[in-house]
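What follows is each chain in one-letter form.
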Amino acid sequence: AQKVTQAQTEISVVEKEDVTLDCVYETRDTTYYLFWYKQPPSGELVFLIRRNSFDEQNEISGRYSWNFQKSTSSFNFTITASQVVDSAVYFCALSRVDSGNTGKLIFGQGTTLQVKP
Amino acid sequence: DAMVIQNPRYQVTQFGKPVTLSCSQTLNHNVMYWYQQKSSQAPKLLFHYYDKDFNNEADTPDNFQSRRPNTSFCFLDIRSPGLGDAAMYLCATSRATRTVPYGYTFGSGTRLTVV
């Protein structure tokens, strides 16, 4: 069975603090993809990153960075020097690679991040 | 230049009265998805189209149907809305192949209220 767990329901930080959002996944597949999405208060989910299971290199994009560790089945997301505009719900998601999947995502429950000024 | 457009943004319907939500895209993506998201929950996949092929999730109620008349448009029909169907409905598109997923582009969603 495939499952994504985001144990942190809500996180509150003060602006400029660094914050890490945890994501742990379960799958028996050897090939799979992991994603992060951001859902600001406006409601529209925004794609942040896609990572396949063979690429364990960490990735940095501006203030965002992702740490993929296959050994612990984790794909954590860090925001450096957080800003009020980072306040949103963040979802981690898993997608299988098989002929019938056609890109379907299994979402975690989401982590609500509140960044206070 | 919005790429995935959902109409209406807010929809109020009466209990049991059929309602249709629409989604259009300018990305020419081959896959279109409908997700239901209830308050403080993760999005839940209802069904998706891979090109013209319709794929229903096993636990999607029969009350929910979908149509995709062409690449650009997809509709979600709720035949007899119940109070439990009040939710945000999200349309997403992707250029996924049958085996390789890509990031979705989501619309702004339609918030459905059932009275």
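What you see is a predicted model; the values in this text were computed from it and never measured.

Draft legend 1. Up close: the pattern of salt bridges. Residues and elements named next belong to chain A. This structure, assessed with the given rule, holds 7 salt bridges over all chains. One salt bridge in this structure joins D29 and R96, with 2.9 Å as the shortest N-O distance. Remark: R96 occurs in strand 10 (residues 88–96) and D29 occurs in the loop between strand 4 (24–26) and strand 5 (32–39); sequence separation between them is 67 residues. Here R63 ties to D86 by a salt bridge, and the two come within 2.8 Å at their closest N and O atoms. Highlighted residues: R63 in the loop between strand 7 (59–61) and strand 8 (64–69) and D86 in the loop between strand 9 (74–79) and strand 10, separated in sequence by 23 residues. Taking the relative accessible area as the measure of exposure, R63 reaches 25% and is therefore partly exposed. Assessed through its relative accessible area of 1%, D86 is described here as buried. Ionic contacts of the salt-bridge type, sharing partners, join the residues R51, D55 and E59 into one network.

Draft legend 2. Seen up close, the interface of chain B and chain A. On the chain A side, the residues contacting the 25 residues of chain B number 25 residues. Both faces considered, chain B and chain A share a buried interface measuring about 1900 Å² in area, 56% of it formed by carbon and sulfur atoms. Of all residues in chain B, the largest losses of buried area upon contact with chain A belong to P101, Y104 and F106 of chain B, amounting jointly to 28% of the total for that side. Remark: the boundary between chain B and chain A carries 1 salt bridge. Residues E57 of chain B and K104 of chain A are paired through a salt bridge, measuring 3.2 Å at the closest nitrogen-oxygen approach. Linking chain B with chain A are 8 residue pairs in polar contact (both at pLDDT 80 or more), by the criterion used here. If you list the elements that add at least two residues to the side of chain B that touches chain A, you get strand 4 (31–37) and strand 5 (44–50) of chain B. Broken down by element, the residue count for the side of chain B that touches chain A peaks at 4 residues, all from strand 4 of chain B. Its residues placed into classes, the side of chain B that touches chain A shows 14 nonpolar, 8 polar and 3 charged.

Cut-offs applied
- Residues numbered from 1 in each chain as written.
- Chains lettered and ligands numbered in written order.
- Predicted model: local features only at pLDDT ≥ 70, side-chain atom pairs only at ≥ 80, totals over all residues.
- Heavy atoms only, no water.
- Salt bridge = Lys/Arg side-chain N within 4 Å of Asp/Glu carboxyl O.
- Helix = DSSP H or I, 4+ residues; strand = E, 2+ residues; numbered from the N terminus.
- Buried < 20%, exposed > 50% of the residue type's maximum accessible area, 1.4 Å probe, protein only.
- Contact = heavy atoms within 4.5 Å.
- Buried area = accessible area lost by both parts, 1.4 Å probe.
- Polar contact = N/O pair within 3.5 Å; in protein donor to acceptor, adjacent residues only side chain to side chain.
- Nonpolar A, V, L, I, M, F, W, Y, C, P; charged D, E, K, R; others polar.

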